[in-house]
Amino acid sequence: MAKKSTTRQGTHKAQAAMEYLMTYGWAILIVLAIMGVLIYLVRPQKVESCNVGVPLQCEPEHYTINKAGNLTIRLTNIGSVRYYIQSTTCGPTIYAPAAPGITTYSYPSPGVSLAAGGSVDLYFDCSKSQKLNEQATSGRDTFQETISINYYPADAPAFAKSQQIEIVVRYQ
């Protein structure tokens, strides 16, 4: 009887196993790389947000912008005194509704009044912003800007303050 060499058979089996692992290992790495690229390219856009410091607060889901640069933000005064909002870096003026339920807007003389605990919709003309995208896709592309507003307490106009509003909003 001829004696079989177990070492040679073991080597062939080990080589076959290594070839199997290498072939499928590379295939798995390629699939993972493609998935990584797709996830990177198709990741969701930035979430809408509006951040401003105390005593003002942005109302969630109450900020919009259109392709012409008309930005609407609803601000709430969480402080204990009335404020007048005077100016902004996003356009020369801020507009507010002339009266509740009326769609014409005006800029009152001392500024837009914001009572303690009250809210007001502010309309900014951001058409001159460098970050405005007139070819934006509605509901997909976002407008991101830091807007500076100037305001003062109603009983102390000499103590004017400045506040930054950081906003990320989808085009309507």
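Residues numbered from 1 in each chain as written. Predicted model: local features only at pLDDT ≥ 70, side-chain atom pairs only at ≥ 80, totals over all residues. Heavy atoms only, no water.

Draft legend 1. Geometry of the nonpolar core. Counting 28 residues, the largest nonpolar core has Leu-71, Ile-73, Leu-75 and Ile-165 as the members making the most contacts within it. For this core, the elements supplying multiple residues, two or more each, are strand 1 (49-52), strand 2 (56-65), strand 3 (70-77), strand 4 (83-88), strand 7 (112-114), strand 8 (119-125), strand 9 (142-153) and strand 10 (161-170). For Ile-165, the residues in contact, after removing those within four places along its chain, are Cys-50, Asn-51, Val-52, Cys-58, Ile-73, Leu-75, Glu-145, Thr-146, Ile-147 and Ile-149. (Core = buried A, V, L, I, M, F, W, Y, C linked by side-chain atoms within 4.5 Å. Buried < 20%, exposed > 50% of the residue type's maximum accessible area, 1.4 Å probe, protein only. Helix = DSSP H or I, 4+ residues; strand = E, 2+ residues; numbered from the N terminus. Contact = heavy atoms within 4.5 Å.)

Draft legend 2. Representation of the packing of aromatic side chains in the model. All told, the structure shown has four aromatic pairs when counted by the stated rule. A ring pair is formed by Tyr-84 and Tyr-152, whose centres lie 5.6 Å apart and whose planes are at 35°; its orientation type is tilted. With Tyr-84 in strand 4 and Tyr-152 in strand 9, the pair connects residues that are 68 residues apart, well separated along the chain. Taking relative accessible area as the criterion, Tyr-152 reaches 9% and is therefore assigned buried. Taking the centre distance of 6.4 Å and the plane angle of 75° together, the rings of Phe-143 and Tyr-171 count as edge-to-face. Of the two residues, Phe-143 is situated in strand 9 and Tyr-171 in the segment after strand 10; the sequence distance between them amounts to 28 residues. On the basis of relative accessible area, Phe-143 is assigned to the buried category, the value being 0%. (Phe/Tyr/Trp six-rings, centres within 6.5 Å; stacked < 30°, edge-to-face > 60°.)

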